[in-house]
Amino acid sequence: MSTVQKVRRSKVRLEEREAVETLVRDAVADQSVWDLHTHLYPPAFGSPLGGAKHSADPRGLLLWGIDELLTYHYLVAEVFRVATPSELPYADFWRMTKSEQADHIWRHLFLERSPISESCRGVLTTLQAFGLDPADRDLKGYRKWFAQQPLDEHIDRVMELAGVNRITMTNAVFDDNERQRWLEDEKVGADPRFAGVLRFDPLVRDWPAAAAKLSEWGYPAGERLDQSGVDSAKRFLGDWIDRVDALYGAVSLPPGFRYEGADDGRDGSRVLSEVVLPVLAERGLPFAMMIGSELRVNPELRDAGDMVGQSDVSSVVRLARDFPGNRFLCTMLARENQHALAVAARKFGNLMVFGCWWFLNNPSLVDEITRMRVELLGLSFVPQHSDARVLEQLVYKWRHSRELIADVLVDKYADLAATGWRTTEGEVRRDVGLLLEKNFTNFLSRRES
Ligand code: HDL
Ligand code: ZN
């Protein structure tokens, strides 16, 4: 809908709308963000690229630079649609070096076709933000520039360009690479720019496998979940929440996840009600559920092989209702679940909806979902997280999201103006501060009754 149509529809005068537009866009552009879910790490976690000032660490967890940007798993999925496995077998692609994979993706998705998808456009937004010229199409030159960036300063620069003042990690304790680093150096996460989050999917998704690992790690637990297994798992969670200094606990759950009461016969439901939620409530920490990821539907694609499935909002409702002493952060992966999830949040103040996750992080869906959430939840939700896996993605994911969030807010404040209500600049900045930072930080510090 054009601005003129919007003005006509909202009956607000054009100059008034333009004043609202300037005010809102400035407020969104200026507002710092605490990015509540990423897969980023401080340099101490090692970096495969190595970079000018950092020892290359092939197992490194901090991904950065143009080759990592181009081989982001979203782009791997997209390149196999055009250079199909019959032309380039999966195994041959995975045998390539990172730069060879990046060259392959650059050729097929940027040169032989216009880089029009959201993931492709993101790479170009990022290059442009660093002052590199995408029109050059000079991949060699981009590589040279990134290799010259001293990593620590580069992180500061990226956060400044993205307007992010704190990066929340995903510390997956069942991942050996991640766990070993904490056991070798308890201070590995001590970088004030980053905050820890304990991620423990297997505990809820696959108790028998998790129990075997717990026993290996000195927390004896049997395949059949009994009281001693519950006690071990609680001790394990407590030890790691403290080691990581976790802001919240998190799991990603499949579309088939169900919670129908602690005694619904599911291991996952007992682990939630007897282990996870009591330990987090005791520490006053929220529990984040990211629901709807069907893992490895195409295992050949590795990280790019996951799929979306519709999930059960009623299970989220039951958890929010049955555990009033816990706080729940929740995001769902299916577009079809978004409306019911927002309505669920209207019912429970201990349920905070966040982000346009993964396959939803596209302009058409971010606009639709954010508009719907403002209309249903006002300012009481967290519109976005980046989910960045490569450091420099913070730049494009937040630039793209800020623009979309501002688009929605301009319309909403213009609609408000049309009623005769007057909103001051201070009030708009206060509201935007809630959406992009304070709703999350307030939710972290709130203690439920
Ligand atoms: O489980 C998750 O945290 C997801 O965000 C996955 O990491 C997914 O692969 C992803 O990168 N989404 O953006
Ligand atoms: Zn993620």
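Residues numbered from 1 in each chain as written. Chains lettered and ligands numbered in written order. Predicted model: local features only at pLDDT ≥ 70, side-chain atom pairs only at ≥ 80, totals over all residues. Heavy atoms only, no water.

A. Local environment of the packing of aromatic side chains. Scanning the entire structure with this criterion turns up 22 aromatic pairs. Summarising the aromatic geometry, the rings of F80 and Y90 are spaced 4.7 Å apart at their centres and angled 45 degrees between planes, so their arrangement reads as tilted. Within this pair, whereas F80 is found in helix α4 (residues 73–82), its partner Y90 is found in helix α5 (residues 90–95), the two being separated by 10 residues in sequence. Ring centres 6.2 Å apart and planes at 5 degrees place the aromatic pair F200 and F287 in the stacked group. Placement of F200 in the loop between β4 (194–199) and α11 (201–205) and of F287 in strand β6 (residues 287–291) is noted, with a sequence separation of 87 residues between them. Taken together, the ring pairs in this structure connect F80, Y90, F93 and W94 into an aromatic cluster. Over the ring of W240 we find R243, and its NZ or CZ is 4.4 Å from the ring centre. (Phe/Tyr/Trp six-rings, centres within 6.5 Å; stacked < 30°, edge-to-face > 60°. Helix = DSSP H or I, 4+ residues; strand = E, 2+ residues; numbered from the N terminus. Lys NZ or Arg CZ within 6 Å of the ring centre and 35° of its normal.)

B. Spatial organisation of the coordination of the zinc ion (ligand 2). Donor atoms from the polypeptide that coordinate the zinc ion (ligand 2) comprise H37 (NE2), H39 (NE2) and D387 (OD), at 2.1 to 2.2 Å from the metal. The sequence motif formed by the donor residues of the zinc ion (ligand 2) is H-x1-H-x347-D. Of the two residues, H39 sits in the loop between β1 (33–35) and α3 (66–70) while D387 sits in the loop between α17 (363–377) and α18 (393–418), which places them 348 residues apart along the sequence. With respect to burial, H39 and D387 carry one shared label: buried. (Donors = N, O, S within 2.8 Å, 3.2 Å for Na, K, Ca; no water. Buried < 20%, exposed > 50% of the residue type's maximum accessible area, 1.4 Å probe, protein only.)

C. Spotlight on the pairing of strand β5 (residues 246–253). Counting buried residues along β5, eight of its eight residues qualify, which places the element largely inside the surrounding structure. Here three bridges tie β4 to β5, and the two strands are oriented parallel to one another. Among the inter-strand pairings, R199 is bridged to a residue of β5, identified as A250. Two strands pair when backbone bridges link them, and β5 and β6 are joined in this way by five bridges, in the parallel orientation. Within β6, the position partnered with A250 by the bridge is A288. (Pairing = 2+ DSSP bridges.)

D. The pattern of salt bridges, seen in detail. Inspection of the entire model under this criterion finds 38 salt bridges. Across the pair R199 and D201 runs a salt bridge whose closest N-O atoms are separated by 2.6 Å. The same class applies to R199 as to D201, namely buried. (Salt bridge = Lys/Arg side-chain N within 4 Å of Asp/Glu carboxyl O.)

E. Focus on the site of ligand 1. Around ligand 1, the structure places H37, H39, Y72, H73, Y74, R199, S252, M290, W357, W358, D387 and R389. Between ligand 1 and the protein, one listed contact pairs an oxygen atom with a side-chain N or O atom of H37 at 3.1 Å. In the model, an oxygen atom of ligand 1 is placed 3.1 Å from a nitrogen or oxygen of the H39 side chain. Look at ligand 1: alone it shows 320 Å² of surface, and the protein chains cover 95% of it. Of the residues that constitute the shell around ligand 1, the class distribution is five nonpolar, four polar and three charged. Looking at which domains feed residues into the shell around ligand 1, each of domain 1 (23–43 + 162–445) and domain 2 (47–147) supplies at least three. (Near = heavy atom within 4 Å. Polar contact = N/O pair within 3.5 Å; in protein donor to acceptor, adjacent residues only side chain to side chain. Areas by Shrake-Rupley, 256 points an atom, 1.4 Å probe, with all protein chains shown as cover. Nonpolar A, V, L, I, M, F, W, Y, C, P; charged D, E, K, R; others polar. Domains from an automatic or database assignment.)

F. Here's a closer look at the domain arrangement of the protein chain. Segmenting the protein chain into domains produces domain 1 (23–43 + 162–445) and domain 2 (47–147). Measuring from the centre of the C-alpha atoms in domain 1 to the corresponding centre in domain 2 gives 27 Å. Tallying the contact residues gives 29 residues for domain 1 and 29 residues for domain 2. Surface buried jointly by domain 1 and domain 2 totals about 2,800 Å² across both partners, of which 62% is contributed by carbon and sulfur atoms. The largest per-residue losses of area from domain 1 upon contact with domain 2 belong to E392, Y396 and H400, which jointly make up 21% of the total buried on that side. The interface formed by domain 1 and domain 2 holds zero salt bridges in total. (Contact = heavy atoms within 4.5 Å. Buried area = accessible area lost by both parts, 1.4 Å probe.)

G. Here's a closer look at the nonpolar core. F200, L214, F287 and M289 are the most contacted members of the largest nonpolar core, which has 122 residues in total. Considering each element in turn, this core owes the most residues, nine residues, to α18. When residues are assigned to domains, this core turns out to be shared by domain 1 (23–43 + 162–445) and domain 2 (47–147), each giving three or more. Apart from the residues lying within four places of it in its own chain, the contact partners of M289 are V251, L253, V316, L319, F328, L329, C330 and T331. (Core = buried A, V, L, I, M, F, W, Y, C linked by side-chain atoms within 4.5 Å.)

H. Up close: the state of the cysteines. Taken as a whole and judged by the stated rule, the model has zero disulfides. With no disulfide of its own, C330 lies 13 Å from the sulfur of C356, the closest cysteine sulfur. When its relative accessible area of 1% is taken as the criterion, C356 is described as buried. (Disulfide = S-S within 2.5 Å.)

I. Inspection of helix α16 (residues 338–347) at higher detail. Here α16 has its buried residues at Q338, L341, A342, A344 and A345. Across the axial projection of α16, the buried residues extend over an arc of 155 degrees, all falling on one side. Summarising the contacts, the buried residues of α16 are in contact with α15 (313–322), β9 (328–332), β10 (351–353) and α17. (Arc of directions from axis to C-beta.)

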